[in-house]
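As a plain string of letters, each chain reads:
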Amino acid sequence: MRGKFIVLEGGEGAGKSSNLNALQDLLEARGCRVLRTREPGGTPLGEAVRGLLLDPVHAGMEVKAELLLMFAARAQHVAQVIRPALDEGVWVISDRFTSSSYAYQGGGRGLPREAIGWLETFVQDDLRPDLTLLLDTPVDVGLERMRSRGEPEDRIEREGRPFFERVRAAFLAQAEAHAERFKVLDASRGIEQVQAALRQSVETLLARSS
Ligand code: Z5A
C-alpha cells in the first residue's frame, strides 16, 4: 500500500522540530516505516539550495528568485525522495512543504498565489500532503522562543514582525480553505498538550488508512 505524506508547518519557533520527533515515534510504534525530511532541503541539491536561501549574504535576493529556488529544491526532493518513498509504502514526514511557499513567498512577500499554484502543479502534478499539521502560535510567542535559543538569525528570520504576521495569516487561510487535509494545532500551549493534540490527529489518519 502507498505510504502517507504528513507535513508539519508553522511560523518561527512553532515547535516543528520538537514535534517531528514525537510524530516519528508514534508512527514507528504503530509499525509504519518512516522517512523524515525537510524543506528547503531533503536531497544534496536541495540542501545546497537551502544554504543559498538562508545565507544572510544574499540579503538582496529578488523575491521571484527566492520562490523559484524553493521550487527548484522541491522538484528534486519530490522526484528523488518523496515519490519513491511513498510508492514503496513508506510514510514521509516533512518539516515544511509547499504551504510554506504560499505563506512566506505569497503572504509574506506578496507574490501572486496563481504563480505559486502554477509551480505547485508543474513540480508536483497531483502530489499533495495527506495531512498538514499547522502548529499555530501568536507571532510574539514564536519569535521569543526562537530568540531564546540564542542562535544567529538566517536571512528570512531577519524579517520584521509585520512579515511574520502576514505569514501566519496566510497559513491560517490555507487551513481554512483546505480543512479536509489541514489540522490547526494551538502550539502556544505546553509541549505535552501540543503532542497530545498531534497524536489525536495522526490516530485519525491511521484509522482511516487501515
Ligand atoms: N521557507 C520559505 O520561505 N518557503 C518555503 O517554501 C519553505 C521554507 C519550504 C527555513 O525553515 C526557512 O525557510 C523558514 C521558512 C522558509 N524561514 N524562516 N524564518 P526552517 O523550518 O528550517 O526554519 P524555522 O521555521 O526558522 O525553524 P525553527 O526556528 O527551527 O522552528 P521550529 O522547528 O518550529 O521550532 P523548534 O526548533 O522545535 O522550537 C523552537 C524553540 O521553542 C526550542 O527551543 C523548543 O524547545 C521551544 N519549544 C518548542 N515547542 C514549545 C512549546 N510548546 N512550549 C515551549 N517551548 C517550545
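The text that follows walks through the structure, step by step, so that each part is easy to find. Within every chain, residues take consecutive numbers counted from 1 along the sequence as written. Confidence filtering applies because this is a predicted model: local features only for residues at pLDDT of at least 70, side-chain atom pairs given and counted only at 80 or more, and all residues used for totals across whole chains, interfaces and linings. The basis for every side-chain value is the complete set of non-hydrogen atoms in the structure, without hydrogens or water.

1. A word on the overall build of the protein
Looking only at helices and strands, one finds eight helices and five strands in the protein. Taking 2.2 N^0.38 as the reference for a compact globule, 210 residues should give roughly 17 Å; the C-alpha atoms of the protein span a radius of gyration of 16 Å, in line with that estimate. For the protein, the share of sequence-separated contacts (at least 6 apart) that also reach a separation of at least 24 residues comes to 79%. Each accessible area is a Shrake-Rupley estimate made with a 1.4 Å probe; only the visible protein chains count as cover when residues are assessed. Taken as a whole, the protein presents about 10000 Å² of accessible surface, with 52% of it coming from carbon and sulfur. When the 28 positive and 31 negative side-chain charges of the protein are each reduced to one mean point, those points stand 2 Å apart. Each helix is a run of H or I in the DSSP string that is no shorter than four residues. Each strand is a run of E no shorter than two, and both are numbered from the N terminus. Every radius of gyration here is taken over C-alpha atoms, with the globule rule written as 2.2 Å times N^0.38, N being the number of residues. Should any heavy atoms of two residues lie within 4.5 Å, those residues are counted as being in contact. For this count, His and the chain ends are skipped, Lys and Arg are scored as positive, and Asp and Glu as negative. For charged residues, the charge sits on one atom: NZ in Lys, CZ in Arg, CG in Asp, CD in Glu.

2. Points about the site of the ligand
The rule for a residue being near a molecule or strand is that one of its heavy atoms must lie within 4 Å of it. Close contacts around the ligand come from 28 residues, with E12, S17, R50, R96 and S101 the closest. Whenever two N or O atoms come within 3.5 Å, that pair is a polar contact, provided that in protein one can donate a hydrogen and the other can accept it, and provided that, for residues adjacent in sequence, both atoms are side-chain atoms. Taking A14, its main chain carries an N or O atom lying 3.3 Å from an oxygen atom of the ligand. Between R96 and the ligand, the recorded distance is 2.4 Å, taken from a side-chain N or O atom to an oxygen atom. Burial of the ligand by the protein amounts to 83% of the accessible area it has alone, namely 1100 Å². It is helix α4 (residues 98-108) that contributes the most residues to the shell around the ligand, four residues altogether. Residues are grouped as follows: Ala, Val, Leu, Ile, Met, Phe, Trp, Tyr, Cys and Pro are nonpolar; Asp, Glu, Lys and Arg are charged; every other residue, Gly included, is polar. Class assignment of the residues belonging to the shell around the ligand gives a composition of nine nonpolar, eight polar and eleven charged.

3. Focus on unusual backbone geometry
Cis geometry is found at the peptide bond from E39 to P40, where omega equals -10°. For P40, the location among the structural elements is in the loop between β2 (34-38) and α2 (44-54).

4. Description of the sheet that holds β2
Taken in spatial order, the five strands make up an open sheet running β2-β3-β1-β4-β5, and their pairing is parallel. In the strand order of this sheet, the two ends are held by β2 and β5 (182-186), each with one partner. Sheet twist, expressed as the average angle between the axes of neighbouring strands with direction ignored, equals 20°. Pairing of strand β1 (residues 5-10) with strand β4 (residues 131-136) involves five bridges; the strand directions are parallel. Between any two strands, pairing holds if DSSP finds at least two bridges. Axes here mean lines fitted to C-alpha atoms, for a helix over just the part in contact, with angles spanning 0 to 180 degrees between N-to-C directions.

5. Observations concerning the nonpolar core
To define a nonpolar core, start from buried Ala, Val, Leu, Ile, Met, Phe, Trp, Tyr and Cys residues and group those joined through side-chain atoms within 4.5 Å. Buried, partly exposed and exposed residues are distinguished by accessible area as a fraction of the type maximum, computed with a 1.4 Å probe on protein chains only: under 20%, between the cut-offs, and over 50%, respectively. Formed by 22 residues in total, the largest nonpolar core has its most connected members in I6, L23, L27, L133 and V202. Among the elements of the structure, β1, α1 (16-29), β3 (91-95), β4 and α8 (191-209) are those that each provide at least two residues to this core. Of the residues forming this core, the biggest block, six residues, is contributed by α8. When neighbours within four sequence positions are excluded, V202 is seen to be in contact with L23, L26, L27, L131 and L133. The next biggest cluster of nonpolar side chains, apart from the first, holds 20 residues, and it includes L54, A103, F164 and F171.

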